[in-house]
Amino acid sequence: MSEAVLASPELQHEIEQWYYREARMLDGREYQKWLALCAPEIRFIIPSRTNPLVDNSLRGREEMISVERELEGRDSEGLPIRDETLPYLILRVDRAFKPNSWAENPPARTRRIIGNIEIVETESDQLSVVSAFHLHWARPGSASYLYAGQRRDMLVRAEGRASGDLRILRREVVLDMADIEYPSLGLFL
Amino acid sequence: MKTPIRDIVNADATLISRKAWSDPGIYELEKKGIFGKSWLFLAHESQIKNPGDFVQAYMCETPIIVARGADHGVYANINSCVHRGLPVCRADHGNAKSFVCPYHSWNYSVEGKLQAIPQERYVEGKIDKAKLSLKAVPRVESWRGMIFGSFDAEIEPLEQYLGDQRWYLDAFFERFTEGVEFVGSPHRWVINANWKLPMENQLGDVNHGPFLHAAVIPPEANAEVFELGHSCVTEPGHGATFRLMPADSPLESVAWGFEGMASLLSPEVHEYLREIQMRAEERVGPIRSRMKGLTYGVYPNLSFLWSNTAFKVSHPRGPGKVEYWSWSVVPADAPEEFKRILRGNHTAFFGPGGILEQEDSEVWAQQFIGSNIDFADDRPYFYGLGLGEEKPHPDLPGLVSVTANEFYARNFYQRWRDALIAVEEA
């Protein structure tokens, strides 16, 4: 992970406010509005989290137990939980507004807290941002669940766009799960 | 009060008690009569290519290490130290020289032989280590790279057990010049359901598709299932469903891989899938090249989802919990970039984040809730659709019918019932 660059207070504020608005949109089930935040080239990835064999040659070093070693399917290797482009996300959003999407009828009630927002890199019109989230999920007839994880985002600011008008170019969601006991990983994280 | 199994499933299996899915006593019988007596899928050989490669697996609730030995053979052992019972391997997969128990460092070869007891040199008596191997799965056999294990040393050979179901499985496997590859690690997730419902769902129940999945599956795809769908049972407990496409169908409407979005996302993948189909008749013959698969089941808990290309195992964790494993499958000789795009046909639609599978998990969990309603015991579930309408077919092995006929399920539960009666009365 790269060291955080010192973002100006104005930029930090703009990005934080953007994440809060996005969270409010998702918890308010305004997925059609959220879709407009996705860049046409978006990649949305949830890597699998596996339990790899300890590599003895790494003993004594931080790499031995690095989170990265547990992630599978981020790019071409192995099998991710999800690896989607815009057409897949459109399909998910369409589904959410049909009465026969039974896994969400009635829909889950979610509330997510986005925190630890760090702008780790800025390059021309792109910002690399990591953040952490806790998402509370509850649905009538089901238990409630806590999802925890990290987002690794690449946001893009199109030329001439106003402050706060950003698009998601890439989102990688690292979930802090051991076994997957969640009812669904199909939600917008 | 225990209900005899004869009263759980009626003679023609058109009525099945809710207890079949919810009763802890029945689950104990299943462990012995089903999971102790069947061939259970473990892994695919593409996952353990080199000596020392291993993956974890389960046979019912029993943890298994499947490894490639120094002699290139496949070894399956119970992941439990003979000294104090701890797992000797904690990783999901990897390449190991040996497995070491954390408690006292007893050391086993990847083939399962006990190699070293560190405490042995401090005592006088010598220990016969040859008698203290990890408990081996007594029977391990492969077919088309699919590795199965059985706890029953006397079980019939795997190929005989699969029987004519191999003809249907080969309609898929034999399309690919170099066979298939299982991509990376399986998705594995927990569903609060009974293990038989995910199995039954893939065994032949394609008829829930147009209804449960109507939010996603377009009406024309559903019409194809109604008009061209076939359901085949070669032996009770196995099942295969597919559409038999007319001979003059456009190539894209028959070929494997066009369901899902991979072909839309890449013109190169589109062309690659066309080429596979163009070779299909030569490789699998005139009938099977027109088969456009839906779902398959292999008794007791393996299923194959042709349309979105996944093999799945429903591992029970008690009557009301399943650990569901799902492997994404691609042609072994596909370029890496194509494999990445093709795996999306599986991950976007199935698995724990799947657009379609989330509806399935939902109803399987709801069925388990319904199966626990005591005051509806006099309303066993109705499995009678299409009773007796299945018939032999000139071109297809087994008994064949329309997909709305629930004979695949009746056959499964008759085999299930007979297997449980055998242990109940033993």
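What you see is a predicted model; the values in this text were computed from it and never measured.

1. Examining the overall build of chain A
A tally of helices and strands in chain A yields 3 helices and 8 strands. When the helices and strands of chain A are placed in sequence order, the string is α-α-β-β-β-β-α-β-β-β-β. Rg of the C-alpha trace for chain A: 18 Å, near the compact-globule value of 16 Å for 189 residues, within the 12% margin. By principal-axis analysis of the C-alpha atoms, chain A measures approximately 55 × 45 × 25 Å. Relative to its 189 residues, chain A shows a buried fraction of 26%.

2. Considering the overall build of chain B
The helix and strand tally for chain B stands at 14 helices and 21 strands. Over its C-alpha atoms chain B spans a radius of gyration of 22 Å, differing by no more than 12% from the 22 Å that the globule rule assigns to 426 residues. If you line up chain B on its principal axes, its C-alpha atoms span 80 × 60 × 35 Å. For chain B, buried positions account for 51% of its 426 residues. When contacts within chain B are restricted to residue pairs at least 6 apart in sequence, long-range pairs at least 24 apart make up 61% of them.

3. Looking at the sheet that holds strand 10 (residues 139-143) of chain B
Residue and element names in this part refer to chain B. Across the sheet, 3 strands lie side by side as 2-11-10; this open sheet has antiparallel pairing. Two strands close off the open sheet at either side, each with one partner strand: strand 2 (40-44) and strand 10. Across the sheet, the mean angle separating the axes of adjacent strands is 30° when strand polarity is ignored. Pairing analysis gives 5 bridges linking strand 10 to strand 11 (residues 146-150), with the strands arranged antiparallel. Note on strand 11: the bridge partner recorded for Glu-141 is Phe-148.

4. Some words on unusual backbone geometry
A cis amide bond, omega 0°, links Asn-105 of chain A with the succeeding residue Pro-106 of chain A. If you trace the backbone, Pro-106 of chain A turns up in the loop between helix 3 (86-96) and strand 5 (109-123). Residue Pro-300 of chain B is reached from Tyr-299 of chain B by a cis peptide bond, and omega for that bond is 0°. A positive phi is found at Arg-29 of chain A, a non-glycine position, where the angle reads about 60°. Here Arg-29 of chain A shows up in the loop between helix 1 (9-27) and helix 2 (31-35).

5. Examining the sheet that holds strand 13 (residues 229-233) of chain B
All names here are of chain B. Here 9 strands make up an open sheet; going across it, the order is 12-18-17-16-15-14-13-21-20 and the pairing antiparallel. With one partner strand each, in any of the chains shown, strand 12 (180-191) and strand 20 (391-392) form the two edges of the open sheet. Note that strand 20 and strand 21 (residues 399-401) share 2 bridges and pair antiparallel. Residue Pro-392 lies in a different strand from strand 21, and its bridge partner there is Leu-399.

6. Some thoughts on the packing of helix 2 (residues 24-35) of chain B against helix 14 (residues 407-424) of chain B
All names here are of chain B. Where helix 2 contacts helix 14, the two axes come as close as 8 Å, and the packing angle between them is 105°. Classified by the angle their axes make, helix 2 and helix 14 are roughly perpendicular. Along its contact with helix 2, which presents Leu-29, Glu-30, Lys-32, Gly-33 and Ile-34, the element helix 14 presents Trp-416, Ala-419, Leu-420, Ala-422, Val-423 and Glu-424. Among the residues making up the contact of helix 2 with helix 14, the classes are represented as 7 nonpolar, 1 polar and 3 charged.

7. Here we look at the nonpolar core
Residues and elements named next belong to chain B. Grouped together as the largest cluster of nonpolar side chains are 139 residues, with contacts concentrated most on Leu-42, Phe-54, Ile-64 and Val-66. Per element, the largest residue contribution to this core is 8 residues, and it comes from helix 14. With sequence-adjacent residues up to four places away left out, Leu-42 is seen in contact with Ala-57, Ile-64, Val-66, Ala-76, Ile-147, Phe-148 and Gly-149.

8. Comments concerning the interface of chain A and chain B
On the chain B side, the residues contacting the 35 residues of chain A number 36 residues. If you list the elements that add at least two residues to the side of chain A that touches chain B, you get strand 4 (82-84) and helix 3 of chain A. Among the elements that take part in the side of chain A that touches chain B, helix 3 of chain A stands out by supplying 5 residues, more than any other. Among the residues forming the side of chain A that touches chain B, the class breakdown is 14 nonpolar, 11 polar and 10 charged.

9. A few points about the environment of Glu-61 of chain B
Residue and element names in this part refer to chain B. Within the fold, Glu-61 resides in the loop between strand 3 (53-59) and strand 4 (62-68). Measuring from C-alpha to C-alpha, the distance between Glu-61 and His-315 comes to 7.0 Å, with 254 residues separating the pair along the chain. Filtering out sequence-adjacent residues up to four positions away, Glu-61 remains in contact with Pro-316 and Arg-317.

10. What about the pairing of strand 17 (residues 310-316) of chain B?
Residue and element names in this part refer to chain B. With respect to burial, strand 17 is a largely interior element, 7 of its 7 residues being buried. Here strand 17 shows a buried face lined by Ala-310, Lys-312, Ser-314 and Pro-316 and a second buried face lined by Phe-311, Val-313 and His-315. The pairing of strand 16 (residues 302-305) with strand 17 spans 4 bridges and is classified as antiparallel. Paired with Phe-304 across the bridge in strand 17 is Phe-311. Taking the residues that link successive antiparallel strands as the turn, the strand 16-strand 17 hairpin has 4 residues, and the phi of Thr-309 there is positive, at about 50°. Both strand 17 and strand 18 (residues 322-331) contribute to a ladder of 7 bridges, which runs antiparallel. The partner of Phe-311 across the bridge, within strand 18, is Trp-327. The loop that links strand 17 with its antiparallel partner strand 18 comprises 5 residues; one of these, Gly-318, has a positive phi angle of about 100°.

11. Section: the environment of Leu-264 of chain B
Residue and element names in this part refer to chain B. Residue position: Leu-264 is located in helix 9 (residues 262-265). The exposed category is assigned to Leu-264, around which 11 C-beta atoms lie within 10 Å. Taking the C-alpha atoms as reference points, Leu-264 and Pro-286, 22 residues apart in sequence, are found 27 Å from one another.

12. A closer look at the pairing of strand 3 of chain B
Residue and element names in this part refer to chain B. Judged by how many residues are buried, strand 3 sits mostly within the fold: 6 of 7 residues are covered. The sheet contact formed by strand 3 and strand 6 (residues 93-95) spans 3 bridges and is antiparallel. For Asp-53, the partnering residue across the bridge sits in strand 6 and is Asn-95. In this sheet, strand 4 lies alongside strand 3 in antiparallel orientation, the contact comprising 6 bridges. Opposite Phe-54, over in strand 4, you have Ala-67 as the bridge partner. Where strand 3 folds back on strand 4, the antiparallel hairpin that results is connected by 2 residues, among which Cys-60 adopts a positive phi of roughly 55°.

13. A look at the environment of Asn-50 of chain B
Tracing the backbone through its elements, the reader meets Asn-50 of chain B in the loop between strand 2 and strand 3. In this view, Asn-50 of chain B contacts Arg-68 and Asn-95 of chain B; residues no more than four positions away in its chain are not counted.

What counts and how
- Residues numbered from 1 in each chain as written.
- Chains lettered and ligands numbered in written order.
- Predicted model: local features only at pLDDT ≥ 70, side-chain atom pairs only at ≥ 80, totals over all residues.
- Helix = DSSP H or I, 4+ residues; strand = E, 2+ residues; numbered from the N terminus.
- Rg over C-alpha atoms; globule rule 2.2 N^0.38 Å.
- Buried ≥ 20, exposed ≤ 12 C-beta atoms within 10 Å, placed from the backbone.
- Contact = placed C-beta atoms within 7 Å.
- Pairing = 2+ DSSP bridges.
- Axes fitted to C-alpha atoms, helices over the stretch in contact; angles between N-to-C directions.
- Parallel < 35°, antiparallel > 145°, perpendicular 65-115°, else oblique.
- Nonpolar A, V, L, I, M, F, W, Y, C, P; charged D, E, K, R; others polar.
- Core = buried A, V, L, I, M, F, W, Y, C linked by C-beta atoms within 7 Å.

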